[in-house]
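# Report on the structure
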Amino acid sequence: MTSPRPCVLVHYDEIALKGGNRPWFERMLERNLRDRTGEDPQSRRLPGLILLYPDGPAAKTAACASRLPGVSSASPAVETELDWKSVEEAALALIRQVPFGSFAVRASRQDKNLPFQSREAAARLGGVIQQATGARVDLERPERTLHAEFLSRQVLLYCD
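Here is a short report on the structure shown in this document. Please read these numbers as outputs of a predicted model, since none were measured by experiment.

## Quick look at the nonpolar core
Counting 24 residues, the largest nonpolar core has Leu125, Ile129, Leu146, Phe150 and Leu157 as its most contacted members. The leading source of residues in this core is helix α3 (residues 84-95), at seven residues. Excluding residues that lie within four positions of it along the chain, Phe150 makes contacts with Leu82, Trp84, Ala107, Ser108, Arg109, Gln110, Asp111, Leu114, Phe116, Ala121, Leu125 and Val155. Val8, Val10, Tyr12 and Ile50 belong to the second-largest nonpolar core, a separate cluster that totals 13 residues.

Below, the structure written as structure tokens:
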């Protein structure tokens, strides 16, 4: 089991509509992200998002990236292996960074071949968080929202 790796999760919007030129626009966005953040972070492109692995604080990189045209959101995140124990530990560590009384979990799967549904993953993580913190679940107006994006072998976790 490896420890969670800090990263910045960058979602983009209009680029996805560019059809055959999409790879070119994604490369340009990656270059612009490196220029804007003033670093040369490692990056990884996935469908609909770009992961940045900055050397400095992820929050600072996310703030710079979020102001770039074409970026719909940029969030400090952690990447962990797709192992439920690792995911649960990383989720608890992440959501506990700021005090909260209510929460929600939003899960999505890029790999639809995973042996669980998104709502099942959200319910499992929500149960772990509720048991560990005593906070109440509020799906309408939560104080904290944990997002979990399940890839084939990794999970990206971030809060808002």
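Next, the rest of the story.
## A few points about the pattern of salt bridges
Considering all chains together, one arrives at seven salt bridges under this definition. The salt bridge partner of Lys85 is Glu89, with a shortest N-O separation of 4.0 Å. In this pair, Lys85 and Glu89 are both assigned in helix α3, four residues apart and thus about one turn of the helix distant. The exposure class assigned to Glu89 is partly exposed, which follows from its relative accessible area of 42%. Salt-bridge contacts for Asp138 lead to Arg136; the nearest nitrogen and oxygen are separated by 3.5 Å. On the basis of relative accessibility, which here comes to 16%, the residue Asp138 falls in the buried class.

Cut-offs used in this document
- Residues numbered from 1 in each chain as written.
- Predicted model: local features only at pLDDT ≥ 70, side-chain atom pairs only at ≥ 80, totals over all residues.
- Heavy atoms only, no water.
- Core = buried A, V, L, I, M, F, W, Y, C linked by side-chain atoms within 4.5 Å.
- Buried < 20%, exposed > 50% of the residue type's maximum accessible area, 1.4 Å probe, protein only.
- Helix = DSSP H or I, 4+ residues; strand = E, 2+ residues; numbered from the N terminus.
- Contact = heavy atoms within 4.5 Å.
- Salt bridge = Lys/Arg side-chain N within 4 Å of Asp/Glu carboxyl O.

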